[in-house]
Amino acid sequence: MGSIGINEYVIGVIHDKEIWYYVGETDSEGNKLRLNEKYSSFLCDAKRYDDEELLTDDLQLIAPSLTRKVLEIQKCPKCGKEFTDYPALSREDNMTEICPECGVKEAIEVYQKFAGKN
């Protein structure tokens, strides 16, 4: 296992205590989107950036009344899933950063091994 690779970013906004991802100002045909269509709760829908200048330009398009955050897209070396949450530290080597879901699975496995010995 290696370290998590970060090479893309997305813009997130806080909506009802959840992160919604910015999908852009226009759809695939170039039609202007309505406000509620500009965001999705799914990372796979998010507009991705590898250019800081484009990201900064789009950040200015989002209403200043919304809480905006630039998020790093990370890929878990264990399961391959993309995520933007804070990573967990693998219990296998105490060095590799993995997705939170894999971190919970590893913790449950350790608990089950320990609980089974009693």
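Here the structure is shown first, and the text comes after it.
Note that the structure is a prediction, hence the values are computed from the model and not measured.

A. Up close: the pairing of strand β4 (residues 68-75). Relative to strand β5 (residues 82-83), β4 runs antiparallel, the two being bridged by two bridges. Pairing of Gln74 across the sheet is with Phe83, part of β5. What sits between β4 and β5 in their antiparallel hairpin is a turn of six residues, with Gly80 showing a positive phi close to 85°.

B. Fine view of the side chain of Gln74. Tracing the sequence through the fold places Gln74 in strand β4. We classify Gln74 as buried; its relative accessible area is 6%.

C. The arrangement of the pattern of salt bridges in detail. Going through the model one piece at a time under the given rule, you end up with six salt bridges. We note a salt bridge from Glu92 to Lys78, for which the minimum N-O separation is 2.9 Å. Residue Glu92 is found in the loop between β6 (88-89) and β7 (97-98), and its partner Lys78 is found in the loop between β4 and β5; the two are separated by 14 residues along the sequence. The exposure class assigned to Glu92 is exposed, which follows from its relative accessible area of 53%. By relative accessible area, which is 35% here, Lys78 ends up partly exposed.

D. Examining the nonpolar core more closely. Membership of the largest hydrophobic core is limited to eight residues, which are Ile11, Val13, Tyr22, Tyr39, Tyr49, Leu55, Leu59 and Ile62. Non-local contacts of Tyr22, meaning those with residues more than four positions away in its chain, are made with Ile11, Lys38, Tyr39, Ala46, Lys47, Tyr49, Asp58, Leu61 and Ile62. Membership of the second largest hydrophobic core comes to six residues, among which are Val10, Tyr21, Ala46 and Leu71.

E. Broad picture of the packing of aromatic side chains. All chains considered together, the criterion is met by one aromatic pair. Ring plane angle 55° and centroid distance 6.0 Å describe the contact between Tyr22 and Tyr39, whose orientation is recorded as tilted. Taken together, the positions of Tyr22 in strand β2 (residues 18-22) and Tyr39 in strand β3 (residues 39-40) put the pair 17 residues apart, joining distant regions of the chain. Like Tyr39, Tyr22 is buried.

F. Expanded view of the side chain of Asp58. Position of Asp58 relative to the elements: it lies in helix α1 (residues 52-61). Take Asp58: its relative accessible area is 10%, and that puts it in the buried class. Beyond its immediate sequence surroundings of up to four residues, Asp58 is in contact with Ile11, Tyr22, Lys47 and Tyr49.

G. Molecular detail of unusual backbone geometry. In the Ramachandran plot, Asp16 falls in the positive-phi region, its phi being about 50° despite a non-glycine side chain. For Asp16, a relative accessible area of 64% puts it in the exposed group. Phi angles above zero are rare outside glycine, and Asn94 is one such case at about 55°. Mapped onto the elements, Asn94 comes out in the loop between β6 and β7. Taking relative accessible area as the criterion, Asn94 reaches 55% and is therefore assigned exposed.

The rules behind each value
Residues numbered from 1 in each chain as written. Predicted model: local features only at pLDDT ≥ 70, side-chain atom pairs only at ≥ 80, totals over all residues. Heavy atoms only, no water. Pairing = 2+ DSSP bridges. Helix = DSSP H or I, 4+ residues; strand = E, 2+ residues; numbered from the N terminus. Buried < 20%, exposed > 50% of the residue type's maximum accessible area, 1.4 Å probe, protein only. Salt bridge = Lys/Arg side-chain N within 4 Å of Asp/Glu carboxyl O. Core = buried A, V, L, I, M, F, W, Y, C linked by side-chain atoms within 4.5 Å. Contact = heavy atoms within 4.5 Å. Phe/Tyr/Trp six-rings, centres within 6.5 Å; stacked < 30°, edge-to-face > 60°.

Keep in mind these values describe shape, not function.
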